[in-house]
Amino acid sequence: MKIYDFEGFPNPARIRIALAEKGLTDAVEFITVDVPGGEHKTEAFRAKNPSGLVPALELEDGTIISECTAITEYIDGISDSPALAGRTPRERAVTHMMQRRAEAELLDAVGAYFHHATPGLGPDIETNQCAEWGHMQKDRALNGMRYFDSVLADQAFVAGDAFSMADITAFAGLAFADFAQIEVPEDCANLIAWRQRVASRPSIAG
């Protein structure tokens, strides 16, 4: 398997954490796509992933899988334990629900703020900014943090009692927030404690 990514970016980090959780890191060849240099917009890369986004997974038969949720589903399916997408129909449904909320209300919101209301990746990449939209998304991200803080008041992890891909996405969202200089509200004690626990996992702590 090959993973096309740019190490340190939030979405590639999600897949690297998932691979580490499943013990599959050594089964993958990582190929760097120079996103700050615009390589993701080239014809050669778009031939692999028309959306021009990283990461993308290339299987041995040439199949390309993009989108972090789809890639994580594939990774989860080729190795039994631990289950990152849930085991029972209920677990899988709740995990996917919370995974989507972690994307929409946190990671993607931070991304919209970063790309629209800050210099982002520079003028050569950020060619269609809307600062007003970006600042609205910053508020959405802060509201998302408070939402997940309330969720974590009653359970150990974002989707329930077990670590899942929803936790990976939320964790990556907070890391992106750090980079974009969006501080976690001090009153989000549950979220802050959860983050400290997740950061100590071998897949993240190294």
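Attention in this report is confined to the structure presented alongside it. (Residues numbered from 1 in each chain as written. Predicted model: local features only at pLDDT ≥ 70, side-chain atom pairs only at ≥ 80, totals over all residues. Heavy atoms only, no water.)

### A few points about the pairing of strand E1 (residues 2–5)
Note the following rule: Only strands joined by at least two bridges in the DSSP assignment are considered to pair. Strands are runs of DSSP state E lasting at least two residues, helices are runs of H or I lasting at least four, and both sets are numbered from the N terminus onward. Crossovers are described as right-handed under a simple rule: with the strands pointing away from the observer, the path leading from the first strand over the helix to the second runs clockwise.
Relative to strand E2 (residues 29–32), E1 runs parallel, the two sharing 4 bridges. Residue pairing across strands places Tyr4 opposite Ile31, the latter belonging to E2. In this fold, the crossover linking E1 to E2 by way of helix H1 (residues 10–22) has right-handed handedness. Here E1 pairs with strand E3 (residues 56–58) via 3 bridges, running antiparallel. Residue pairing across strands places Lys2 opposite Glu58, the latter belonging to E3.

### Things to note about the pattern of salt bridges
Rules: One side-chain nitrogen of Lys or Arg within 4 Å of one carboxyl oxygen of Asp or Glu is enough to make a salt bridge. A simple rule labels every residue: compare its accessible area, found with a 1.4 Å probe on the protein chains alone, to the largest value its type can have, and call it buried under 20%, exposed over 50%, or partly exposed in between.
Counting across every chain of the model gives 12 salt bridges. For Lys22, the salt bridge is made with Asp76, and the minimal N-O distance between the two is 2.9 Å. A residue pair is termed long-range when its members are at least 10 positions apart, and Lys22 in helix H1 and Asp76 in helix H3 (residues 68–77) qualify at 54 residues. The same class applies to Lys22 as to Asp76, namely buried. Several salt bridges share partner residues, and in doing so they unite Arg14, Arg100, Glu103 and Asp108 into one network.

Shape descriptors only; they carry no functional weight alone.
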